[in-house]
Amino acid sequence: MAQLTHRSANLLKPISAAVFATRGLTTASTTPITVETSLPFTGHKIDPPSRSVETTPQELLSFYRDMALMRRMEIAADSLYKAKLIRGFCHLYDGQEAVAVGMEAAITKKDCIITAYRDHCIYLGRGGTLLETFSELMGRKDGCSKGKGGSMHFYKKDSGFYGGHGIVGAQIPLGCGLAFAQKYNKEEHVTFAMYGDGAANQGQLFEALNMAALWDLPAILVCENNHYGMGTAEWRAAKSPAYYKRGDYVPGLKVDGMDAFAVKQACKFAKEHALKNGPIILEMDTYRYHGHSMSDPGSTYRTRDEITGVRQERDPIERIRKLILAHDLATEKELKDTEKEVRKEVDEAIAKAKESPLADPSELFTNVYVKGFGVESFGADRKEVRAVLP
Amino acid sequence: MASSLRRIARLSLISRYTSTDGRWNTLRGLSTATDDLNSPNQCWTSNKPVNLFSAINQALHIALETDPRAYVFGEDVGFGGVFRCTTGLADRFGKRRVFNTPLCEQGIVGFAIGLAAMGNRAIAEIQFADYIFPAFDQIVNEAAKFRYRSGNQFNCGGLTIRAPYGAVGHGGHYHSQSPEAFFCHVPGIKVVIPRSPQQAKGLLLSCIRDPNPVVFFEPKWLYRLAVEEVPEQDFMLPLSEAEVIREGSDITLVGWGAQLSIMEQACVEAEKDGISCELIDLKTLIPWDKETVEASVNKTGRLLVSHEAPITGGFGAEISASIVERCFLRLEAPVARVCGLDTPFPLVFEPFYLPTKNKMLDAIKSTVNY
Ligand SMILES: Cc1ncc(C[n+]2csc(CCOP(=O)(O)OP(=O)(O)O)c2C)c(N)n1
Ligand SMILES: [Mg+2]
């Protein structure tokens, strides 16, 4: 996961080591530590993995830093949206960071990930930079989709991130296709197809499960259960909110999605399982702090107490902070400094992204078809009537 | 910039109100005249200015009130829906008649067809028109053909599917599309799109009570923006009847929904250049009122059609072909189409994509000077 800290040479320095060097961590940073997951896993048609997870001081510190960075990024996106610098629909991930970070810690960039529209942090986890993130959010050329996708459509081909999908549930069967290709090519890689608790009620999920199981595809279906699909609580929409069991003949595992180590353990386990036996569902029990999207204050269908309760008792960053302090890997002050660093990085990236030019208007016509196939259209002033554009 | 201009244009066109003595009085412009309201009772008790989502809400209240077999459902509908169109319905009529569905469009529409087949009025909401595609099969293969293939034993005439469509200024790829043309290719369903609050209320009630399945697209840009006087009581506006909302002699403009306010802007501008435009609101796209358009084109000799959906295969093409068939000898210029571009609906390029007033003005002039 250290790669998250090496994202961009100019904007991001690999600071984890430097910050904590005072405590001699650079040398001891790879000494194994064993931590216990917050809760035991619950299995469906499978024996769950052990609660003991191996880690290192380095990993603990990078989990902390990476999640703090994600959170800061999402908070900053909120402000940019309110300042109308981000347009379109924007869905934030704060609260769910442990899923992105834990998953990456268990897999490689050769494994594929595909998700819905709540995609900023997954992108960052795949090695995307803050500059690309903020540029995309603001529709700039330096964005990961050249500014053409916006918040909901982040992609990173070189590290197997297939995005960034707007139609709820549609990405799940796509994930099966990716997994089929991986299996066919005899790659020892898997696909993580992510979807929400709301999406779990779409028929496409069940079609995907059947195909994946029928053909023993190395597909891991990750249900990020944040307990709400927009304003609808899971129990209002699902007869059985035990999403890990809803694959029936497909085994499942319920995971505390607020515990990065539980996520890491589950993903490692799932990858091994999927390569040997085919699909598995991982239900990540998680929580989004923000409303569904920027137009949702997030407080009409749930109580403030519920949100504060989760923040106090289950916050994924807080959990790692406590572990770091308990193992005496850093001081409170050092952790604060990390937060400051992260904040600075985010601010610098935003400043830089603001300098990136807006996507060129001619890009409106590109990528509709393969270049050269042409598309008949005309410009804003109707001057290029019937021109064949590249 | 362009999009904010457009927003202002919409605002000024739909609502013609001025405040005198702290009260709202109508100046009645583009928006409908009360004369075409087809109500049993022509004396209106009260006409309050309301916005489009409230007009829809009124219509749904009336539909549920007047027919105990009417049901309203969809994603988050029990809470009022994302655009507040169903606010208060669950409280008033109970959770058995107004309810949330899971997130499953294909299921929602299939369920609605079954409910309607038992003689009920199934009023299903699809949260955005962009999300109607998972239900496309149900609409095209089940709803549209139920009556035909059962030799009239069964039908789902009580089915009305409501879905917000169109641009909002910055909605991006999956919150802005105008998919009406896909449904216009399907005999057996009706497609209706209102342009204003009053129209929305009267047309929606007609759709709900029409004995055929109807897809009703609501211009979401106007939900809050368009305000006009809407009679509080129950009234219906006829389907498959177009309306001439502005008379003119040089060119006929045909459109529907939110696009009409942009078109009216163009008419006003063209008038300054001495071009007299006739503007027609089609309202029902299938089966459409060819006669009204034909009569108008026979008068003006020119036709321009405009919609937000991409130009190729849009419903404008159908209108153009039909009018060329009917008015060939009378036409003095090729039919002009000012439409969305043949690209996916863009996020940052929305102002370039949209059929704006200036594009329309340009087309009006080149058609008149052909
Ligand atoms: C087919 C479809 N229907 C409806 C929507 C509108 N919509 C977007 S997100 C969402 C809720 C999804 O909830 P969930 O799957 O739990 O994901 P979360 O937002 O909680 O991450 C809905 C209804 C959509 N994008 N696509
Ligand atoms: Mg959810």
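Calculation notes
- Residues numbered from 1 in each chain as written.
- Chains lettered and ligands numbered in written order.
- Predicted model: local features only at pLDDT ≥ 70, side-chain atom pairs only at ≥ 80, totals over all residues.
- Heavy atoms only, no water.
- UniProt positions renumbered as here; feature names shortened; annotations may be inferred.
- Helix = DSSP H or I, 4+ residues; strand = E, 2+ residues; numbered from the N terminus.
- Buried < 20%, exposed > 50% of the residue type's maximum accessible area, 1.4 Å probe, protein only.
- Areas by Shrake-Rupley, 256 points an atom, 1.4 Å probe, with all protein chains shown as cover.
- Donors = N, O, S within 2.8 Å, 3.2 Å for Na, K, Ca; no water.
- Near = heavy atom within 4 Å.
- Polar contact = N/O pair within 3.5 Å; in protein donor to acceptor, adjacent residues only side chain to side chain.
- Nonpolar A, V, L, I, M, F, W, Y, C, P; charged D, E, K, R; others polar.
- Pairing = 2+ DSSP bridges.
- Axes fitted to C-alpha atoms, helices over the stretch in contact; angles between N-to-C directions.
- Contact = heavy atoms within 4.5 Å.
- Core = buried A, V, L, I, M, F, W, Y, C linked by side-chain atoms within 4.5 Å.
- Domains from an automatic or database assignment.
- Phe/Tyr/Trp six-rings, centres within 6.5 Å; stacked < 30°, edge-to-face > 60°.
- Lys NZ or Arg CZ within 6 Å of the ring centre and 35° of its normal.
- 1 Å grid on protein atoms, 1.4 Å probe; cavity = no way out; pocket = protein on both sides within 12 Å on 5 of 7 lines; lining within 4 Å.
- Points joined across faces, edges and corners; volume = space filled by probe spheres on them.
- Buried area = accessible area lost by both parts, 1.4 Å probe.
- Salt bridge = Lys/Arg side-chain N within 4 Å of Asp/Glu carboxyl O.

An unreviewed UniProt entry annotates chain B as 3-methyl-2-oxobutanoate dehydrogenase (2-methylpropanoyl-transferring) of Handroanthus impetiginosus. Per UniProt, chain B carries the Subcellular location (unreviewed entry) text "Mitochondrion matrix".

In the annotation of an unreviewed UniProt entry, the entry for chain A reads Pyruvate dehydrogenase E1 component subunit alpha, and the organism field reads Handroanthus impetiginosus. The annotation that UniProt attaches to chain A under Function (unreviewed entry) is "The pyruvate dehydrogenase complex catalyzes the overall conversion of pyruvate to acetyl-CoA and CO(2). It contains multiple copies of three enzymatic components: pyruvate dehydrogenase (E1), dihydrolipoamide acetyltransferase (E2) and lipoamide dehydrogenase (E3)." The UniProt entry for chain A carries the following comment under Subunit (unreviewed entry): "Tetramer of 2 alpha and 2 beta subunits."

Draft legend 1. Geometry of the overall build of chain A. Looking only at helices and strands, chain A has 13 helices and 13 strands in total. Put simply, chain A has 390 residues, and 60% of those count as buried. Approximately 15,800 Å² of chain A is accessible, and the part contributed by carbon and sulfur atoms is 54%.

Draft legend 2. Main features of the coordination of the magnesium ion (ligand 2). Residue and element names in this part refer to chain A. Distances from the magnesium ion (ligand 2) to its protein donors, Asp197 (OD), Asn226 (OD1) and Tyr228 (O), fall within 2.0 to 2.2 Å. All donors to the magnesium ion (ligand 2) come from one chain, and their sequence spacing reads D-x28-N-x1-Y. Highlighted residues: Asp197 in the loop between strand 6 (191-196) and helix 8 (203-214) and Tyr228 in strand 8 (residues 228-229), separated in sequence by 31 residues. For the residue pair Asp197 and Tyr228, the accessibility class agrees, reading buried in each case.

Draft legend 3. Expanded view of the site of ligand 1. Taken together, the neighbourhood of ligand 1 is formed by 20 residues, with Tyr117, Arg118, Gly198 and Asn226 of chain A together with Glu105 of chain B sitting nearest. Contact between ligand 1 and Asp197 of chain A: an oxygen atom at 2.8 Å from a side-chain N or O atom of the residue. Contact distances for ligand 1 include 3.3 Å between a nitrogen atom and a side-chain N or O atom of Tyr131 of chain B. Its free accessible area being 580 Å², ligand 1 has 95% of it covered by the protein chains. Across the shell around ligand 1, the residue classes tally to 8 nonpolar, 8 polar and 4 charged.

Draft legend 4. Geometry of the sheet that holds strand 6 (residues 121-125) of chain B. Residues and elements named next belong to chain B. Read across the sheet, 7 strands follow the order 5-4-6-7-9-8-14 without closing on themselves; strand pairing throughout is mixed. Of all the strands in the sheet, just strand 5 (98-100) and strand 14 (284-286) have a single pairing partner and so form its edges. With direction set aside, neighbouring strand axes in the sheet form an average angle of 20°. Taken together, the 6 bridges between strand 7 (residues 159-165) and strand 9 (residues 214-219) define a ladder with parallel strand orientation. Residue pairing for strand 9: Thr160 is matched across the bridge by Val214.

Draft legend 5. Structural detail: the sheet that holds strand 2 (residues 42-44) of chain A. Residues and elements named next belong to chain A. On the basis of which strands lie adjacent, the open sheet formed by 7 strands has the order 2-10-11-7-6-4-5 and mixed pairing. Each having just a single partner strand, strand 2 and strand 5 (161-164) make up the two edges of the open sheet. Recorded for the sheet is a direction-independent mean angle of 20° between the axes of neighbouring strands. For strand 10 (residues 252-256) and strand 11 (residues 280-285), the ladder comprises 5 bridges, and the chain directions are parallel. Of the residues in strand 11, the one forming a bridge with Val255 is Met284. Each of strand 4 (112-115), strand 6, strand 7 (219-225) and strand 11 touches helix 4 (residues 97-106); the most contacted strand, strand 6, lies at about 170° to it.

Draft legend 6. Inspection of the nonpolar core at higher detail. All names here are of chain B. Phe217 and Ile319 are the most contacted members of the largest nonpolar core, which totals 90 residues. No other element matches the 9 residues that helix 2 (residues 52-66) contributes to this core. Residues from two domains meet in this core; each of domain 1 (32-231) and domain 2 (243-368) gives at least three. In this structure, Phe217 is in contact with Ala129, Ile132, Ala163, Tyr165, Pro179, Glu180, Phe183, Val191, Val192, Ile193 and Pro194, ignoring residues within four places of it in sequence.

Draft legend 7. Spatial organisation of the packing of aromatic side chains. Applying the stated rule across the entire model yields 25 aromatic pairs over all chains. With 5.3 Å between their ring centres and 10° between their planes, Phe73 of chain B and Phe99 of chain B make a pair best called stacked. Residue Phe73 of chain B is located in strand 4 (residues 70-74), and its partner Phe99 of chain B is located in strand 5; the two are separated by 26 residues in the primary sequence. Take Phe73 of chain B and Phe99 of chain B: they sit in the same class, and that class is buried. Among the aromatic residues, those joined into a cluster by ring pairs are Phe133, Phe136, Tyr165, Phe182, Phe183 and Phe217 of chain B. Here Arg302 of chain A stacks its cationic end above the ring of Tyr228 of chain A, 5.8 Å away from the centre of that ring.

Draft legend 8. Up close: the UniProt feature "domain: Transketolase-like pyrimidine-binding" (unreviewed entry) in chain B. Here the UniProt-annotated "domain: Transketolase-like pyrimidine-binding" (unreviewed entry) positions come out as residues 50-225 of chain B. End C-alpha atoms of residues 50-225 of chain B are separated by 10 Å, and the span's content is 38% helix alongside 18% strand.

Draft legend 9. View of empty space enclosed by the protein. Summed over the entire model, instances satisfying the criterion amount to 4 cavities of 30 Å³ or more. A volume near 120 Å³ is recorded for the largest cavity. What lines the largest cavity is a set of 15 residues, and nearest its centre among them are Gly198, Gly229, Thr232 and Ala237 of chain A together with Leu103 of chain B. Its volume calculated, the second largest cavity comes out at about 70 Å³.

Draft legend 10. Representation of the domain arrangement of chain B. Residues and elements named next belong to chain B. Entries for chain B in the domain assignment read domain 1 (32-231) and domain 2 (243-368). Around 2,000 Å² of area is buried between domain 1 and domain 2 when both sides are counted, 60% of it from carbon and sulfur atoms. Together, Cys184, Ile193 and Arg195 form the three largest contributors to the area buried by domain 1 at its contact with domain 2, with a combined 26%. The interface formed by domain 1 and domain 2 includes 2 salt bridges. Viewed at the interface, domain 2 and domain 1 are joined by 11 residue pairs in polar contact (both at pLDDT 80 or more). Mapped onto the side of domain 1 that touches domain 2, the elements with two or more residues apiece are helix 7 (180-183), strand 8 (190-192) and helix 8 (197-209). Looking at the side of domain 1 that touches domain 2 residue by residue, the class counts come to 16 nonpolar, 11 polar and 4 charged.

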